[in-house]
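So you can see what is in the structure, the chains are spelled out below.
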Amino acid sequence: MKKSIITLFILFLSVASFSQNDRQEKEDKIKALKIAYLTENLDLSTTEAQKFWPIYNTYEEQQQSVRSDYHDIKRDIHFDTLTETEAQKLLGEMEALNAKRNSINDNYMLALKKVLSAKQILLLKNTEDNFKRKMFSEYKKRKESKH
């Protein structure tokens, strides 16, 4: 009995590990596709690209950190046992994260203005939106083809 429990446990950990690796591979693939899409559509000079990508990568990391923190807060909410005091505390944490997100966006825009023209910044935003739409459309197609 103990052997079968241990075997099942090891099997479960292996499957969980593969799913995490698979998820990371998908995230890395999407990130590479996004970089290629942005590079192709922005048509940056070598000098602009050298200055732009560190700014962009830092911004993306900071945004992901805020999204992760926000997700952690939401994940840990247990509405059936949540007190009003705890709810107020969580709302305060969410407001602080929104303020942090706004600060990150403001700093990002200031940094971009030092490297890109206003037209290029607008093109960047448009290109990111188009990439998201294409990714969502592709996701929908794949999901529909599975059913």
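Right above here is the structure, for reference.
Anyway, here's the lowdown on the structure attached to this text. Quick caveat: nothing in here was measured; it's all calculated off a predicted structure.

The next subject is the overall build of the protein chain. Of regular secondary structure, the protein chain possesses four helices and zero strands. Each helix and strand of the protein chain, ordered N terminal to C terminal, gives the series α-α-α-α. Out of the 147 residues belonging to the protein chain, those deemed buried represent 20%. For the protein chain, the share of sequence-separated contacts (at least 6 apart) that also reach a separation of at least 24 residues comes to 73%.

Moving on, we get to unusual backbone geometry. Negative phi values dominate among residues other than glycine, just as trans dominates among peptide bonds. Positive phi, close to 50 degrees, is recorded for Asp43, a residue that is not glycine. Relative to the assigned elements, Asp43 resides in the loop between α1 (2-42) and α2 (46-75). A residue is classified by how much of its surface remains accessible, and Asp43, at 63% relative accessible area, is exposed.

In this section: the side chain of Thr127. Residue placement: Thr127 occurs in helix α4 (residues 118-146). Once you skip the residues sitting within four places of it in the chain, Thr127 turns out to touch Tyr37, Leu38, Asn41 and Leu42.

All told, the structure shown has eight salt bridges when counted by the stated rule. Among the ionic pairs, Asp22 bridges to Lys26, the shortest N-O distance being 3.6 Å. Taken together, the positions of Asp22 and Lys26, both in helix α1 and four residues apart, correspond to about one turn of that helix. Residue classification places Asp22 among the partly exposed residues on the basis of a relative accessible area of 36%.

Attention now moves to α4. An ideal rise of 1.5 Å per residue puts 42 Å on 29 residues; α4 measures up with 42 Å between its terminal C-alpha atoms. Listed as buried for α4 are Gln120, Ile121, Leu124, Thr127, Glu128 and Phe131.

Moving on, we get to the packing of aromatic side chains. Counted according to the given criterion, the structure contains six aromatic pairs. Considering the side-chain rings of Tyr59 and Tyr108, the 3.7 Å spacing of their centres and the 10 degrees angle between planes classify their relative orientation as stacked. Of this pair, Tyr59 sits in helix α2 while Tyr108 sits in helix α3 (residues 84-113), and the two are 49 residues apart along the sequence. Here Tyr59 matches Tyr108 in class, with each residue buried. Grouped by ring-pair contacts, the aromatic residues Phe52, Trp53, Tyr56, Tyr59 and Tyr108 constitute a single cluster. One cation-aromatic arrangement involves Arg101 over Tyr70; the distance from NZ or CZ to the ring centre is 5.9 Å.

With that settled, the discussion passes to the packing of α2 against α3. Two elements in contact, α2 and α3, have axes separated by 10 Å at closest approach and are oriented at 170 degrees. Taken as axis vectors, α2 and α3 run roughly antiparallel relative to one another. Along the contact surface, α2 presents Phe52, Ile55, Tyr56, Tyr59, Gln62, Gln63, Val66, Asp69, Tyr70, Ile73 and Lys74, while α3 presents Leu90, Glu93, Met94, Leu97, Lys100, Arg101, Ile104, Asn105, Tyr108, Ala111 and Leu112. Class assignment for the residues of the contact of α2 with α3 results in 14 nonpolar, three polar and five charged.

Across soluble globular proteins, nonpolar side chains show a tendency to be buried alongside one another. With 21 residues, the main nonpolar core has Phe52, Tyr56, Tyr108, Leu112, Leu116 and Leu124 as its most contacted residues. Sorting the residues of this core by element identifies α1, α2, α3 and α4 as the ones contributing at least two each. Considering each element in turn, this core owes the most residues, seven residues, to α2.

Rules of the game
Residues numbered from 1 in each chain as written. Predicted model: local features only at pLDDT ≥ 70, side-chain atom pairs only at ≥ 80, totals over all residues. Heavy atoms only, no water. Helix = DSSP H or I, 4+ residues; strand = E, 2+ residues; numbered from the N terminus. Buried < 20%, exposed > 50% of the residue type's maximum accessible area, 1.4 Å probe, protein only. Contact = heavy atoms within 4.5 Å. Salt bridge = Lys/Arg side-chain N within 4 Å of Asp/Glu carboxyl O. Expected span 1.5 Å × (residues − 1). Phe/Tyr/Trp six-rings, centres within 6.5 Å; stacked < 30°, edge-to-face > 60°. Lys NZ or Arg CZ within 6 Å of the ring centre and 35° of its normal. Axes fitted to C-alpha atoms, helices over the stretch in contact; angles between N-to-C directions. Parallel < 35°, antiparallel > 145°, perpendicular 65-115°, else oblique. Nonpolar A, V, L, I, M, F, W, Y, C, P; charged D, E, K, R; others polar. Core = buried A, V, L, I, M, F, W, Y, C linked by side-chain atoms within 4.5 Å.

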